[in-house]
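Structure at a glance
Okay, here's what each chain looks like letter by letter:
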Amino acid sequence: MDATGAWPLPFWIAHRGAGKLAPENTLAAFRLGARHGYRAFECDVKLSRDGVPFLLHDATLDRTTPERGLAAERDWSELSRLDAGGWHGRSYAGEPLPSLDSIAGFSLANGHALNIELKPTPGEELRTGQMVGREVLRLWADAASRPLLSSFRPEALLGAAETAPELPRALLLDALKPGWLEQARGLGCVAVVTHYPLMDAATVATIHAAGLRALVYTVNDPASARWLIASGVDGIITDAVDRFSPAEPR
Ligand code: G3P
Ligand code: MG
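Please read these numbers as outputs of a predicted model, since none were measured by experiment. (Residues numbered from 1 in each chain as written. Chains lettered and ligands numbered in written order. Predicted model: local features only at pLDDT ≥ 70, side-chain atom pairs only at ≥ 80, totals over all residues. Heavy atoms only, no water.)

Our focus in this paragraph is the coordination of the magnesium ion (ligand 2). Looking at the magnesium ion (ligand 2), the protein donor atoms are Glu 42 (OE), Asp 44 (OD) and Glu 117 (OE), and they sit 2.0 to 2.2 Å from it. Sequence positions of the residues that donate to the magnesium ion (ligand 2) give the spacing E-x1-D-x72-E. With Glu 42 in strand E2 (residues 40–47) and Glu 117 in strand E4 (residues 113–118), the pair connects residues that are 75 residues apart, well separated along the chain. Residue classification places Glu 42 among the buried residues on the basis of a relative accessible area of 3%. (Donors = N, O, S within 2.8 Å, 3.2 Å for Na, K, Ca; no water. Helix = DSSP H or I, 4+ residues; strand = E, 2+ residues; numbered from the N terminus. Buried < 20%, exposed > 50% of the residue type's maximum accessible area, 1.4 Å probe, protein only.)

Pasting the structure below:
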């Protein structure tokens, strides 16, 4: 298995749109991140009951909408009417959950790069990877650069590799368990994205020696960022879009 897509991302990547300054994973967050100079965005994508890819971090609607329960038990016609902004503050009330389709439109119109994290509802891993992969190929059909697909869930990456082998893939890691690098290579990944305390110069060197890129999430303090940059990482995912300027030299 081989992911042949070109590397699509600049160094600085805004987490969930614009991190914590706007409601995560909404178009409002992407707009805010873009106003801070960000040109690349990470977002979490899962499937509605009727198979529409849309942005939501949690499996349930509880934290970021007025509704309760699993998002995957509802059709997109219902999910698309929910308020995904009011929980964050009154100024964002009524902000909808975006479909991947609408985020693709925004990203393509503005020349933004995307890191789509496959965030399957438990039990939906393979199907989520398959359907998001297919949908990304359709939405970015004419684009010069296409999104990086990442996931903590190997089955989701396998699904994406089935339907969209040409899209670049990355394995997300919240621990470095024995065999992590072999797993990333076996999944045909072009990058490994770790929780940032796991990364150091030796780990970066190991990843680079395997021909992969080394990225980290979610770095919000300048001292950690400086240390990781000195360690040689290839990209940083951050909430702190008001603190780190992609325009400044590293
Ligand atoms: O993709 C990196 C990061 O978003 C993974 O953690 O929980 O914020 O989706 P989480
Ligand atoms: Mg994420």
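From this point, things continue past the structure.
Okay, the site of ligand 1 next. As a structural note, the neighbourhood of ligand 1 is formed by His 15, Arg 16, Glu 42, Asp 44, His 57, Glu 117, Lys 119, Phe 152, Leu 172, Tyr 217 and Ile 237. The separation between an oxygen atom of ligand 1 and a polar side-chain atom of Glu 42 is 2.7 Å. Compared with its free state, where it exposes 290 Å², ligand 1 has 91% of that area covered by protein. Classifying every residue of the shell around ligand 1 by side-chain character gives four nonpolar, two polar and five charged. (Near = heavy atom within 4 Å. Polar contact = N/O pair within 3.5 Å; in protein donor to acceptor, adjacent residues only side chain to side chain. Areas by Shrake-Rupley, 256 points an atom, 1.4 Å probe, with all protein chains shown as cover. Nonpolar A, V, L, I, M, F, W, Y, C, P; charged D, E, K, R; others polar.)

The subject of this paragraph is the packing of aromatic side chains. Across all of its chains, the model carries six aromatic pairs by this definition. Connected via pairs of aromatic rings, a cluster forms that spans Phe 11, Trp 12 and Phe 244. The aromatic ring of Phe 11 is capped on one face by Arg 250, whose charged end is 3.8 Å from the ring centroid. (Phe/Tyr/Trp six-rings, centres within 6.5 Å; stacked < 30°, edge-to-face > 60°. Lys NZ or Arg CZ within 6 Å of the ring centre and 35° of its normal.)

The residue Arg 16 is not glycine, and still its phi comes out positive at about 55 degrees. If you trace the backbone, Arg 16 turns up in the loop between strand E1 (12–14) and helix H1 (27–35). Relative accessible area serves as the criterion here: at 18%, Arg 16 is assigned to the buried category. Positioned with a positive phi, Asn 25 is a non-glycine residue whose angle comes to about 55 degrees.

A word on the pairing of strand E5 (residues 148–151). Residues of E5 alternate between two faces, with Leu 148 and Ser 150 on one and Leu 149 and Ser 151 on the opposite face, all of them buried. Here three bridges tie E4 to E5, and the two strands are oriented parallel to one another. Within E5, the residue paired with Glu 117 across the bridge is Ser 150. Between the parallel elements E4 and E5, the chain passes through helix H4 (residues 125–139) in a crossover that is right-handed. Pairing geometry for E5 and strand E6 (residues 169–173), over three bridges, is parallel. (Pairing = 2+ DSSP bridges. Right-handed = clockwise from strand over helix to strand, strands pointing away.)

Moving on, we come to the packing of helix H3 (residues 100–110) against H4. Packed helices, taken two at a time, are described by their axes: the angle between them and the distance between them. Across the interface, H3 lies against H4 with an axial gap of 11 Å and an inter-helix angle of 35 degrees. Read as a crossing pair, H3 and H4 show a hand that is right-handed. For the pair H3 and H4, the contacting residues are Leu 100, Asp 101, Ala 104 and Leu 108 in the first and Val 132, Glu 135, Val 136, Arg 138 and Leu 139 in the second. (Axes fitted to C-alpha atoms, helices over the stretch in contact; angles between N-to-C directions. Left-handed = near helix turned anticlockwise from the far one by under 90°. Contact = heavy atoms within 4.5 Å.)

This is a description of form; function is not addressed.
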